[in-house]
Protein chains: 2
Amino acid sequence: MRILGVDPGLANLGLGAIEARGSEARLLSTELVRTRSRDDDGARLALLYDAVRAAIVVVDAEVLVVEGQFFHRQRDAAMKVGQALGVVRLAAHHAGVPVSSYGPLQVKQALVGTGRADKAQVAYMVRALLGLTSAPPSHHVSDALALALTHWSAHRVTARAASQRL
Amino acid sequence: MRILGVDPGLANLGLGAIEARGSEARLLSTELVRTRSRDDDGARLALLYDAVRAAIVVVDAEVLVVEGQFFHRQRDAAMKVGQALGVVRLAAHHAGVPVSSYGPLQVKQALVGTGRADKAQVAYMVRALLGLTSAPPSHHVSDALALALTHWSAHRVTARAASQRL
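How each quantity is defined
- Residues numbered from 1 in each chain as written.
- Chains lettered and ligands numbered in written order.
- Predicted model: local features only at pLDDT ≥ 70, side-chain atom pairs only at ≥ 80, totals over all residues.
- Heavy atoms only, no water.
- Helix = DSSP H or I, 4+ residues; strand = E, 2+ residues; numbered from the N terminus.
- Rg over C-alpha atoms; globule rule 2.2 N^0.38 Å.
- Buried < 20%, exposed > 50% of the residue type's maximum accessible area, 1.4 Å probe, protein only.
- Pairing = 2+ DSSP bridges.
- Axes fitted to C-alpha atoms, helices over the stretch in contact; angles between N-to-C directions.
- Contact = heavy atoms within 4.5 Å.
- Left-handed = near helix turned anticlockwise from the far one by under 90°.
- Nonpolar A, V, L, I, M, F, W, Y, C, P; charged D, E, K, R; others polar.
- Core = buried A, V, L, I, M, F, W, Y, C linked by side-chain atoms within 4.5 Å.
- Buried area = accessible area lost by both parts, 1.4 Å probe.
- Salt bridge = Lys/Arg side-chain N within 4 Å of Asp/Glu carboxyl O.
- Least-squares fit on C-alpha atoms with pLDDT ≥ 70 in both.

### Side note on the overall build of chain A
Along the backbone of chain A there are five helices and five strands. Along chain A, helices (α) and strands (β) appear in the sequence β-β-β-α-β-α-β-α-α-α when read from the amino end. Taken over C-alpha atoms, the radius of gyration comes to 16 Å for chain A, in line with the 15 Å a tight globule of 166 residues would show. Dimensions of chain A, computed from C-alpha atoms along their principal axes, come out at roughly 55 × 35 × 30 Å. Here chain A, with 166 residues, has 46% of them falling under the buried criterion.

This is the structure we're talking about:
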């Protein structure tokens, strides 16, 4: 299963793709897409849309994973992330790829085993599970990989439950 | 000048197009695009994107106008409006049409003459300025027309200032 995690933002969008087979997951690729604040919002959103469309093709993604809940103190920040998330979802729809979403609590529970985990623990487990020798180039990429790994984990639990019912 | 106003929302998106020549503005078309909550967000956003792309072609829009500031008490609502706004901006960019934005205060000042105007006064002026005999089918459409009229008003002020400098 090839899973593309996406951490959307208008200025920085993190992409992280993994390939999962049974109990093993390996890194396929990572990308940090940056847009310039001096460009108009339409051009920045178009760049994000194109990057996601391209990544879906390059990694032959079967599913795209985004964060399902956002905790932004500022409305303005929520609006910017929302616009980026909108074009990410549109890119997936245009490519015919389904989108799954998980909340921060689900990510922490899936990767660290407790919803009380902090960001550093999640980032550590991303490296450990994928056997990375260095940290991803940005926390946006690390967060994207964490989402992809959460989907893999949820899928494994579902698959195990199904096999136990047989 | 053909101006397409857009009031974005995931469930309801209002479109209102006007044609302005000097001191006169007339209604070109209105549309209320509704999406179903049982459909997935990607499909809903794709429907909004397609509707905006189509409207740009149908009215041969030279500029698209959206609200520049949003006052949503709930983050969840801001995220949904943000996603819709993202695909609206993308549609305009893909069609090569520039986007202008105005805040609620600018709309009230342009149409009613005071930032203390309420929504009913703005809606009344939309009908009066365009000579409509009945109210638009939805407040989303009325808001879209108000944005288009605000752009026309701002453009007239700029044009007058330029002619006075000659």
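### Some remarks on the sheet that holds strand S5 (residues 99–102) of chain B
Strand pairing in a sheet takes place through backbone hydrogen bonds and is either antiparallel or parallel in direction. All names here are of chain B. Spatial strand order, S3-S2-S1-S4-S5: five strands in an open sheet with mixed pairing. Each edge of the open sheet carries a strand with a single partner, namely strand S3 (24–34) and S5. Neighbour to neighbour, the strand axes of the sheet diverge by 25° on average, direction disregarded. As defined by bridge partners, strand S4 (residues 63–67) adjoins S5 across four bridges and the pair is classed as parallel. The residue bridging Leu64 from the neighbouring strand is Val99, located in S5. Contacting strand S1 (2–7), strand S2 (12–21), S3 and S4, helix H1 (residues 41–58) runs over the sheet at an angle of about 10° to S2. Packing against the sheet, helix H2 (residues 75–95) makes contact with S1, S2, S4 and S5, and its axis sits at approximately 165° to S4.

### Let's talk about the packing of H1 of chain B against H2 of chain B
Packed helices, taken two at a time, are described by the angle between their axes plus the distance between the axes. All names here are of chain B. Between H1 and H2, whose axes approach to 9 Å, the crossing angle comes to 40°. The interaxial crossing formed by H1 with H2 has right-handed handedness. Where H1 abuts H2, its residues Leu45, Leu48, Tyr49, Val52, Arg53 and Ile56 lie against Gln83, Ala84, Val87, Val88, Leu90, Ala91, Ala92, His94 and Ala95. Taken together, the residues that form the contact of H1 with H2 break down as 12 nonpolar, two polar and one charged.

### Considering the nonpolar core
Considering soluble globular proteins, one finds that nonpolar side chains tend to be buried as a cluster. With 60 residues, the main nonpolar core has Leu4 and Leu64 of chain A together with Leu4 and Leu64 of chain B as its most contacted residues. Residues in contact with Leu64 of chain B, not counting those within four places in the same chain, are Leu4, Val6, Val52, Ile56, Val88, Ala92, Val97, Pro98, Val99 and Ser100 of chain B.

### Looking at the interface of chain A and chain B
When the parts of a complex come together, some accessible area is lost, and that lost area is often used as the size of the interface. Listed as interface residues are 22 residues of chain A and, on the opposing side, 22 residues of chain B. Counting each side, the surface lost to burial between chain A and chain B is near 1900 Å², with a carbon and sulfur contribution of 74%. Sorting the residues of chain A by area buried against chain B places Arg75, Met79 and Leu90 of chain A first, and these three jointly supply 29% of that buried surface. One can count two salt bridges joining chain A with chain B. The partner of Arg89 of chain A in a salt bridge is Asp41 of chain B, and the shortest N-O contact between them spans 3.9 Å. Those elements that place two or more of their residues in the side of chain A that touches chain B are helix H1 (41–58) and helix H2 (75–95) of chain A. It is H2 of chain A that provides the largest number of residues to the side of chain A that touches chain B, a total of 13 residues. In terms of residue class, the side of chain A that touches chain B is made up of 12 nonpolar, seven polar and three charged.

### Some thoughts on the relation of the copies chain A and chain B
Rotating chain A by 180° and moving it 0.0 Å along the rotation axis overlays it on chain B with an RMSD of 0.0 Å. Each copy turns onto its partner about a two-fold axis. Both copies present the same face, since 100% of the interface residues in chain A are matched by interface residues at the equivalent positions in chain B.

### Side note on the sheet that holds strand S5 (residues 99–102) of chain A
All names here are of chain A. Spatial strand order, S3-S2-S1-S4-S5: five strands in an open sheet with mixed pairing. Each of the sheet's edge strands pairs with one partner strand only, and the pair in question is strand S3 (24–34) and S5. Here the strands of the sheet are splayed against their neighbours by 25° on average, with no regard to which way each runs. Sheet strands in contact with H2 are strand S1 (2–7), strand S2 (12–21), strand S4 (63–67) and S5, and its direction is about 165° off that of S4.

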